[in-house]
Amino acid sequence: MRKIGGLLAAMLLAGCSSNGGDAAPGTAAPVPTPNPPVARNACADPEADIEPSCFLQGNAANLVRTVCGVAWLPGLCNTVAFEDPQYRVEADPHPGAPYFLAIGTVHEHSSYSDGDPQQIPRDYFAAGRDGHNTADAGGDTGIRVDFMLSSEHSDNEKLPVTTSAACIPIGTDLSPGTLSPTVLANLVSCAHTGDLDHYFKWQATLQQALDGSSAGFTAMRGFEWTNDYYNHMNVYLSTNVVNAKVDGSYVGMNFMWRWLQTPVDQGGGADALAAFNHPGSKPALTPFDGDLPHNELLARLGNANWNDLAHVPEVDARVVGIEVNGGDDLSWYVKALQQGWHVGPLGAEDEHQREWSTRSKPKTVMLVRGRDPQDYYHALQNRRTMALRPELVGGAPGEKASFPQIRYWADGSGLQDGIPLGTIVRDSAAHTLHVDIEGLPAGTRVSLMAGDAEQAAPMALGVADAGGRYQGSQAVSAPGSGQRWYFLLLCPAAETQCGSSEEYLGVTAPIWFAPAEG
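Visitor: Talk me through the environment of N231; I want residue IDs and the actual numbers.
Guide: Relative to the helices and strands, N231 resides in the loop between β7 (222-225) and β8 (233-236). A relative accessible area of 4% places N231 in the buried class. It is 8.5 Å that separates the C-alpha atoms of N231 and A284, two residues lying 53 residues apart in sequence. In this structure N231 touches W225, N277, H278, P279, G280, S281, N305 and W306, once residues within four positions along its chain are discounted. At 3.5 Å, the side chain of N231 forms a polar contact with the backbone oxygen of N277.

This is the structure:
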């Protein structure tokens, strides 16, 4: 349990162990590289005693950071700058190492925002590492995954409270004298004023990610930018954090786009990687008014879903993903590509209770060459992602997640020497797309979704055999102008219109083709 009272622990420096681990079957293990040392803040320790110095430090720094989130004041804001988590890389951390597929989760919540009031990030990191959870309906649906990215709401980052619906259920009578003991107990459980780490959530999440990683599991930090009018975005692997409720972005998306271009040493997110969350959500003014009548008026005004996914070239390299969890998410994915965004699909759990790392929710697969955070940064930055529906994910509690080995590339004799998914190919040559998949349900339909700024249509390739294997290829060429993209689409055996309906099991990032630059 976290404690109140005692002495402030001394500041420590601790290096992170390498995340090198087992490679994919039949490949050599990636050469591990040690992560750089990260300074640990003793005040951010969930087990630390509250001391006046820590309490004052946390509140004063958060007050200054709130001001700095509106206007960067050099001399003042630099004194409370966050430490670089050492995630960002400019080149492949393991060039030449074999590619392998890693499965994980990219959207989790705890008491640090609006999740379970008794849980903190280390709890969902433990669920991903160990493969055990507490399912919403009871029991354990956990599976072990390779990586996990946190995404607590940045609205709560400076507040020592949880804003879960479990704290004050909708419809609760808050009139004086009417509060029941149960309601009072809920409110107390959600007020974390006596928990020191809740004054240092951003730093504490990083430390819990470092502590929660192991040889076969990589935990990493992110946050969810929760603009209820324009819709949410997950922001991963950044040094800094920004709050949609105070950054001005309810007036226009340009505030967020500007933050993604602002240098890190000025409080910006120039090292961040962002993704569009749950596309199609209705516009709102707060998280609690999604079904109220005025939101119909807001929807008619337009601008929801990030200005209807209007492309912003200046941040195209920073916005790398979009959640594709099922239903009409596929059409939003296609729309993002047609608008000009270079994004890959992400399968998200968006878990707010304790059912993290569950086999019953979508998963993200990344094509990586190593298990360090920097390897995942490089893969995400280069859009080497796939989104899988739960039907393609298996495993029992405590076991490693099983999933199809989906290899999709262009040219070359194989994935290792070919052009991987997520790549933008700029030349005028002819190319061949290759597909090699193992572990599919028998009869799974395999299609290519081909498109450009004007139109998109599926191209049926074939079906998986009785053993779950599919291999195929398709000749393509660069267009005379603009870009043409192709991503892989997997559908149930019974879905004869694969790519023309909302029945699908998995999607990959595209490979883009365009004329040579200049």
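Visitor: I'd like a description of the pairing of strand β13 (residues 385-388), backed by residues and values.
Guide: Residue alternation in β13 divides its side chains into two sets, T385 and A387 and M386 and L388, and both sets are buried. Here strand β12 (residues 363-368) runs beside β13; their pairing, made up of four bridges, is antiparallel. Its bridge partner being in β13, M366 is matched across the sheet by T385.

Visitor: How would you sum up the sheet that holds strand β14 (residues 405-410)? Please name residues and give values.
Guide: One open sheet accounts for four strands, arranged β15-β14-β17-β20; its pairing is antiparallel. Of all strands in the sheet, those with a lone pairing partner are β15 (419-420) and β20 (470-477), marking the two edges.

Visitor: So what's going on with helix α4 (residues 201-212)? Residues and values would help.
Guide: Taking 1.5 Å per residue, 12 residues should reach 16 Å; α4 reaches 16 Å between its end C-alpha atoms and fits that length. For α4, a buried count of 10 out of 12 residues is recorded, marking the element as mostly surrounded by other parts of the structure. Among all positions in α4, only K201, W202, Q203, A204, T205, L206, Q207, Q208, A209 and G212 are buried. Looking at the buried side of α4, the elements it contacts are β2 (38-40), α1 (52-68), α2 (121-130), β6 (218-220) and β7.

Visitor: Summarise unusual backbone geometry; cite the residues concerned and give the values.
Guide: Even without a glycine there, the phi angle at L237 is positive, about 65 degrees. Positive phi is not limited to glycine here, since N305 has a value of about 55 degrees. You can see N305 is positioned in helix α7 (residues 304-309). The class of N305 is buried, set by a relative accessible area of 5%.

Visitor: Give a description of the state of the cysteines that names residues and reports values.
Guide: For the structure shown, the criterion picks out four disulfides. Paired through a disulfide, C167 and C190 show a sulfur-sulfur distance of 1.8 Å. Every disulfide takes its handedness from the sign of the S-S torsion; for C167 and C190 that torsion is -90 degrees, giving left-handed. Linking C167 in the loop between β5 (152-153) and α3 (181-190) with C190 in helix α3, this pair joins segments that are 23 residues apart in sequence. Overall, C167 belongs to the buried group, its relative accessible area being 4%. The connectivity of the disulfide bonds within the chain can be written as 1-2, 3-4, 5-6, 7-8, using the sequence rank of each bonded cysteine.

Visitor: How would you explain helix α9 (residues 373-381) if you had to name every residue and give the values?
Guide: For α9, the buried fraction is high: nine of the nine residues fall into the buried class. Every buried residue belonging to α9 is among P373, Q374, D375, Y376, Y377, H378, A379, L380 and Q381, and all of these are buried. With its phi angle positive at about 60 degrees, R383 sits one or two positions after the end of α9.

Visitor: How would you explain the packing of aromatic side chains if you had to name every residue and give the values?
Guide: Tallied over the entire structure, the rule returns 14 aromatic pairs. Ring geometry for F55 against Y199: centres 5.2 Å apart, planes inclined by 70 degrees, an arrangement best described as edge-to-face. Within this pair, whereas F55 is found in helix α1, its partner Y199 is found in the loop between α3 and α4, the two being separated by 144 residues in sequence. Accessibility expressed as a relative area gives 35% for F55, which makes it partly exposed. On the basis of relative accessible area, Y199 is assigned to the buried category, the value being 4%. Ring geometry for F276 against W341: centres 5.3 Å apart, planes inclined by 80 degrees, an arrangement best described as edge-to-face. Linking F276 in strand β9 (residues 273-276) with W341 in the loop between α8 (329-339) and β11 (344-346), this pair joins segments that are 65 residues apart in sequence.

How each quantity is defined
Residues numbered from 1 in each chain as written. Predicted model: local features only at pLDDT ≥ 70, side-chain atom pairs only at ≥ 80, totals over all residues. Heavy atoms only, no water. Helix = DSSP H or I, 4+ residues; strand = E, 2+ residues; numbered from the N terminus. Buried < 20%, exposed > 50% of the residue type's maximum accessible area, 1.4 Å probe, protein only. Contact = heavy atoms within 4.5 Å. Polar contact = N/O pair within 3.5 Å; in protein donor to acceptor, adjacent residues only side chain to side chain. Pairing = 2+ DSSP bridges. Expected span 1.5 Å × (residues − 1). Disulfide = S-S within 2.5 Å. Phe/Tyr/Trp six-rings, centres within 6.5 Å; stacked < 30°, edge-to-face > 60°.

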